[in-house]
Amino acid sequence: MENRNNVTEFILLGLSKNKKVQILCFLFFLLCYLAIWLGNLIIMTSITCSQLINQPMYFFLNYLALSDLLYTSTVTPKLMTDLLTEKKVISYKNCMTQLFTTHFFGGVEVFIITGMAYDRYVAICKPLHYAILMNRQRCNSILRASCAGGFLHSLGLFLLTIFLPFCGPNEIDHYFCDVYPLLKLACIDTHKIGFLVLANSGLMGLVIFVVLMASYFMILYNVRAYSAENRHKALSTCSSHITVVILVFAPVIFVLFTRFYTIIVPMLNPLIDTFRNTEMKNAIRKVWSKPQLPVL
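Keep in mind the model is a prediction, meaning the values are calculated, not measured. (Residues numbered from 1 in each chain as written. Predicted model: local features only at pLDDT ≥ 70, side-chain atom pairs only at ≥ 80, totals over all residues. Heavy atoms only, no water.)

Quick question: what am I supposed to make of the packing of aromatic side chains here?
Each aromatic ring pair is summarised here by two numbers: the centre-to-centre distance and the angle between the ring planes. A full pass over the atoms with the stated rule returns 14 aromatic pairs. Ring geometry for Y33 against W37: centres 6.4 Å apart, planes inclined by 85 degrees, an arrangement best described as edge-to-face. Linking Y33 with W37, this pair stays in helix 1 (residues 19-48), spanning four residues, or about one helical turn. Looking at Y33, the relative accessible area reads 13%, which means it is buried. What makes W37 partly exposed here is its relative accessible area of 34%. What links up through ring pairs into an aromatic cluster is the set F100, F104, F105, F151 and F158. The aromatic ring of Y221 is capped on one face by R224, whose charged end is 4.3 Å from the ring centroid. (Phe/Tyr/Trp six-rings, centres within 6.5 Å; stacked < 30°, edge-to-face > 60°. Helix = DSSP H or I, 4+ residues; strand = E, 2+ residues; numbered from the N terminus. Buried < 20%, exposed > 50% of the residue type's maximum accessible area, 1.4 Å probe, protein only. Lys NZ or Arg CZ within 6 Å of the ring centre and 35° of its normal.)

Listed below in structure tokens is the structure:
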């Protein structure tokens, strides 16, 4: 593999060559990254240190927060470092590692969101069987399936890229290593490989989108018979999840947003999951509020 490559490192062109813009971007992404860690750590601690961890929805939310942290950490630290350096270089091996881990954790995150949609479907459409259908063993199986799905998705893209010959130039028009910018640098015709990459990501996205739409169609169909109050209560449990789904799939439609997807979405997820969920806010108060001293 290395014999076919004249390239041992890549130069990331980044977001801008203007030094002032780079400093502003560094400060912005630093604040975002700190917010991601703070928000997701608060969620994870609040769930694991309370009874919410026993509920399937919060079980998945806990691991969604973890995948958010890991996903953004594959890109953001390197991005912030490059914003402060003149030469933005990444070695060939580190580039391939970043490509694999980014798509792995991103895939895990999307599959967990799909598992959460199934959880909401069972909770609303089959409430009498919810405890049986969504027991801890089933939740662990969904989590393992999410990891396996993310691994297969990432492995497919990794194998399509790792065997490409790179003869130069070595400048990547992006701020991290991704498949399509690397295809442009390969020494061979990559149209067929590009189609396979599109099929990999497109098929996964299509299947997940269909599953999500089917889940919410069944939910909306079943809540028709509910009273107005019960209907509002049932749908309110889905509101934060629907918002996260929109955030995840919107970049597919608005491609330019994907330049900041690895940073913005993990930052917004904990805010949405927290401030639109009463049980989550109560758990945070219990875990993080100082116990009052008894009055003598």
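Would you mind going over the environment of M134 with me for this structure?
Mapping M134 onto the fold places it in the loop between helix 5 (130-133) and helix 6 (136-162). Distance from M134 to M57, taken between C-alpha atoms, is 9.5 Å for residues 77 residues apart in sequence. Beyond its immediate stretch of four places on either side in the chain, M134 contacts P56, F60, Y118, D119, V122, C139 and I142. (Contact = heavy atoms within 4.5 Å.)

Could you clarify how one ought to interpret the packing of helix 2 (residues 56-73) against helix 6 in this entry?
When two helices pack together, their arrangement is given by the angle between their axes and by how far apart the axes lie. Running from N to C, helix 2 and helix 6 cross one another at 30 degrees; their axes reach a closest spacing of 11 Å. What the angle tells us is that helix 2 and helix 6 run roughly parallel. Between helix 2 and helix 6 lies a crossing whose hand is right-handed. Contact residues: helix 2 offers P56, F59, F60 and Y63, while helix 6 offers R136, C139, N140, I142 and L143. Residues belonging to the contact of helix 2 with helix 6 are distributed by class as follows: seven nonpolar, one polar and one charged. (Axes fitted to C-alpha atoms, helices over the stretch in contact; angles between N-to-C directions. Parallel < 35°, antiparallel > 145°, perpendicular 65-115°, else oblique. Left-handed = near helix turned anticlockwise from the far one by under 90°. Nonpolar A, V, L, I, M, F, W, Y, C, P; charged D, E, K, R; others polar.)

Looking at this model, I keep getting lost on the environment of I193. Mind explaining?
Among the structural elements, I193 can be located in helix 8 (residues 191-222). C-alpha separation for the pair I193 and L183, spaced ten residues apart in sequence, amounts to 8.3 Å. If we skip the residues at most four places from it in the chain, I193 touches L160, L164, L183 and I188.

Mind showing me how you'd approach the sheet that holds strand 2 (residues 89-91) here?
Whenever strands of a sheet pair, they do so through backbone hydrogen bonds, lying parallel or antiparallel. As summarised here, the arrangement of the three strands in space is 2-1-3, forming an open sheet in which the pairing is mixed. Every other strand in the sheet has two partners, leaving strand 2 and strand 3 (171-172) as the edge strands with one partner each. Lying over the sheet, helix 4 (residues 92-125) contacts strand 1 (9-12), strand 2 and strand 3, oriented at roughly 85 degrees with respect to strand 2. (Pairing = 2+ DSSP bridges.)

Explanation requested: the UniProt feature "transmembrane region" (unreviewed entry) in the chain in the structure shown.
In the UniProt entry, the feature "transmembrane region" (unreviewed entry) is given for residues 21-43, 142-166, 193-221 and 242-264. Across residues 193-221 one finds 100% helix and 0% strand; the C-alpha atoms that close the span lie 41 Å apart. (UniProt positions renumbered as here; feature names shortened; annotations may be inferred.)

What exactly am I supposed to notice about the side chain of T190 here?
Locating T190 in the fold gives a position in the loop between helix 7 (179-183) and helix 8. Judged by its relative accessible area of 15%, T190 is buried. Beyond its immediate stretch of four places on either side in the chain, T190 contacts L164 and L183.

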